[in-house]
Amino acid sequence: MTGRGRKHRSGRTGGRQDLPPEPMRWLRWPGIADALSARRADTVIEALGRVTLGWHPEPAEATSTPLAELTGRRDGFRVASRWVDAPLDALTPTAAACALIADLSQGYAADRPDHLCLHSGAVGFADRLIALTGAARAGKSTLVARLSAEADMTIFCDDVLPVGADGRGIALGFAPRLRLPMPDAASDAFRAHVAMHQTLEDGRYGYLMTPSLAPHGTKAPLTVILQLARGVTGAPAGLRALSGAETLKLICDQDMSAPDRDAEIPDYLGRLSALAAQVAGYRLIYDDIEDAVALIRRSFGGAGLPDIVSADALPEPEGVPTSGMLKPADIAHVWSRTPGVTVRRIGGQACLWGIEGGGVFVLNALAAAIWQALENPVNGLDLAGALAEAFPDASPAQIALDLGQLFARLEAEALVQPAP
């Protein structure tokens, strides 16, 4: 059962959705202290097992703080998590499995406070582990899915990479998830690979259970991190070396394990610095995914690190510049939260997280206030006016520009949407 075409949403759905009582099952994944409670949800547990390699639950006793609560209802499945402010409702089996993968990943990291946890994909190739990360829509998940077709590459993850105190990345055993439909430019060979290995899908995302997936617990030293950026149409893919400071900042920006107690900060900064010292950072700018795969193979398939093209020789990327700035969105629209998005607590920080986009967006104080204002759809111009009244020393034009850039970033991560 894949639930093709069914929509999911968050919040209350109206009407009574509860089904008659049924005994609750408790399941615990080895290596995580707390257990999952599940009721009328065998379909989801089976679906999750189909996209997990080497990590499966065992019957467990009830725990006082469940990892998550999974419930089958008339309109689909509900997942309530200790890290999420509001339950996710009316989920397809695929979407519910996706939510549980996020909880299992976070539970694994939370039980290992001496680990870092990078928001990145990762592939093993030629005796090195390569992390792939980047801004929204840089193509991380699609590139990982494409690399899963390479017989001599091993897929560690497409979204979350725990890194131990010894600098080794750890595979959790979850199949990579591909956004559907596939890009128009996808090759016939890539499409055939997806058709052969797509194990679970719902019309929006498909999981690829490929022979290249690393089983849960596989470890390898992390030696390369690639910051992905989409390049100028038709331009060849290129690499630019990052400085040590740029590499450290990239790792810091992508880490989701920041401590929430001041006393832990010195040790945390030490772990970040130690990892940055062992990792070579590069920016990979590309337009064509096959060109990017070929460049990765040429650059990292040998014993040494690659010769780097001068930064001046690389075309400026489109869409998501290396500065991370986006073209401001039109705030004259009425804006609303994307269904299925909620606040997830990660490493002491409040972050927006949604099944649709899969992105993690850290909320500062202002962004948190704007998110609260979006509890109901709001016109961006009205919101800018309210912010101008709240901050009379700031220029209204600058407030409108900042708000437009924030909406652009949130929209790129599929966290907000403008009215048609």
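Since the model is a prediction, treat every value here as computed from it, not as a measurement.

K.L.:
Mind showing me how you'd approach helix H1 (residues 42-50) here?
P.N.:
The periodicity of an α-helix, 3.6 residues per turn, causes residues three or four places apart in sequence to face the same way. Listed in full, the buried residues belonging to H1 are Val44, Ile45, Ala47 and Leu48. End-on, the buried residues of H1 take up no more than an arc of 160°, which puts them together on one face. Here the buried face of H1 lies against strand E2 (25-28), strand E3 (36-39), strand E5 (68-73), strand E6 (76-81), helix H2 (93-110) and strand E15 (198-201).

K.L.:
Before we go on, may I ask you to explain the sheet that holds strand E21 (residues 341-346) in this structure?
P.N.:
Two strands in a sheet stick together by hydrogen bonds in their backbones, pointing the same way (parallel) or opposite ways (antiparallel). Ordered in space as E21-E22-E23, the three strands form an open sheet in which the pairing is antiparallel. The open sheet has two edge strands with one neighbour each: E21 and strand E23 (360-362). Strand after strand, the sheet turns through a mean of 35° between neighbouring axes, direction not considered. Pairing geometry for E21 and strand E22 (residues 349-354), over six bridges, is antiparallel. When the bridges of E22 are listed, arginine 344 appears paired with cysteine 351.

K.L.:
Hey, could you run me through the nonpolar core in this one?
P.N.:
Soluble globular proteins tend to bury their nonpolar side chains together. Judged by nonpolar contacts, the single largest core of 78 residues is most densely connected at Leu70, Leu143 and Leu226. The element contributing the most residues to this core is H2, with ten residues. Excluding anything up to four places from it in sequence, leucine 226 contacts Ile130, Ala131, Leu132, Thr133, Leu239, Tyr282, Leu284, Ile296 and Phe300. Membership of the second largest hydrophobic core comes to 28 residues, among which are Leu326, Val341, Ala367 and Ala412.

K.L.:
Is there a simple way to think about the sheet that holds strand E24 (residues 378-379) in this case?
P.N.:
The antiparallel open sheet is built from three strands, whose spatial order is E24-E20-E25. Edge positions in the sheet fall to E24 and strand E25 (416-418), since each of these pairs with one other strand and no more. Here strand E20 (residues 334-337) runs beside E25; their pairing, made up of three bridges, is antiparallel. Of the residues in E25, the one forming a bridge with tryptophan 335 is proline 418. Seen against the sheet, helix H10 (residues 396-412) touches E20 and E25 and runs at an angle of roughly 110° to E25.

K.L.:
Is there a simple way to explain the packing of aromatic side chains in this structure?
P.N.:
Counted by the stated rule, this structure contains four aromatic pairs. With a centroid separation of 4.6 Å and 5° between ring planes, the pair formed by tryptophan 335 and phenylalanine 407 is classed as stacked. Of this pair, tryptophan 335 sits in strand E20 while phenylalanine 407 sits in helix H10, and the two are 72 residues apart along the sequence. For the pair tryptophan 335 and phenylalanine 407, a shared accessibility class is recorded, and that class is buried. Grouped by ring-pair contacts, the aromatic residues Trp55, Tyr108 and Phe174 constitute a single cluster. Of note, arginine 112 hangs over the ring of tyrosine 108, and the distance from its end group to the ring centre comes to 3.7 Å. For the cation-ring pair, arginine 344 lies above tryptophan 353, with the distance from its terminal atom to the ring centre recorded as 4.5 Å.

K.L.:
Would you mind going over the pattern of salt bridges with me for this structure?
P.N.:
In total, this model carries 15 salt bridges according to the counting rule given. Of the charged contacts in the structure, one is a salt bridge between arginine 82 and aspartate 34, with a shortest N-O distance of 2.5 Å. One end of the pair, arginine 82, is in the loop between E6 and strand E7 (88-91); the other, aspartate 34, is in the loop between E2 and E3, and 48 residues separate them in sequence. By relative accessible area, aspartate 34 is classed as buried at 19%. Measuring nitrogen to oxygen at the nearest pair gives 2.7 Å for the salt bridge that ties arginine 146 to glutamate 150. Take arginine 146 and glutamate 150: they sit in the same class, and that class is buried. Salt bridges sharing common partners tie together Arg146, Glu150, Asp152, Glu290 and Arg297.

K.L.:
What am I meant to see in the packing of helix H5 (residues 244-254) against helix H6 (residues 265-278) here?
P.N.:
When two helices pack together, their arrangement is given by the angle between the helix axes and by the axis-to-axis distance. Across the interface, H5 lies against H6 with an axial gap of 9 Å and an inter-helix angle of 125°. The angle between H5 and H6 falls in the class oblique. The chirality of how H5 crosses H6 is right-handed. Facing Thr247, Leu248, Ile251 and Cys252 of H5, the residues of H6 in contact are Leu272, Ser273, Leu275 and Ala276. Broken down by class, the residue content of the contact of H5 with H6 amounts to six nonpolar, two polar and no charged.

K.L.:
In this structure, what is going on with the side chain of threonine 342? I would like to understand it.
P.N.:
Locating threonine 342 in the fold gives a position in strand E21. Within polar-contact distance, the side chain of threonine 342 engages the backbone nitrogen of alanine 86 at 3.4 Å. Those residues in contact with threonine 342, other than ones at most four positions away along the chain, are Val84, Asp85, Ala86, Leu88, Cys351, Leu352 and Trp353.

Thresholds applied
- Residues numbered from 1 in each chain as written.
- Predicted model: local features only at pLDDT ≥ 70, side-chain atom pairs only at ≥ 80, totals over all residues.
- Heavy atoms only, no water.
- Buried < 20%, exposed > 50% of the residue type's maximum accessible area, 1.4 Å probe, protein only.
- Helix = DSSP H or I, 4+ residues; strand = E, 2+ residues; numbered from the N terminus.
- Arc of directions from axis to C-beta.
- Contact = heavy atoms within 4.5 Å.
- Pairing = 2+ DSSP bridges.
- Axes fitted to C-alpha atoms, helices over the stretch in contact; angles between N-to-C directions.
- Core = buried A, V, L, I, M, F, W, Y, C linked by side-chain atoms within 4.5 Å.
- Phe/Tyr/Trp six-rings, centres within 6.5 Å; stacked < 30°, edge-to-face > 60°.
- Lys NZ or Arg CZ within 6 Å of the ring centre and 35° of its normal.
- Salt bridge = Lys/Arg side-chain N within 4 Å of Asp/Glu carboxyl O.
- Parallel < 35°, antiparallel > 145°, perpendicular 65-115°, else oblique.
- Left-handed = near helix turned anticlockwise from the far one by under 90°.
- Nonpolar A, V, L, I, M, F, W, Y, C, P; charged D, E, K, R; others polar.
- Polar contact = N/O pair within 3.5 Å; in protein donor to acceptor, adjacent residues only side chain to side chain.

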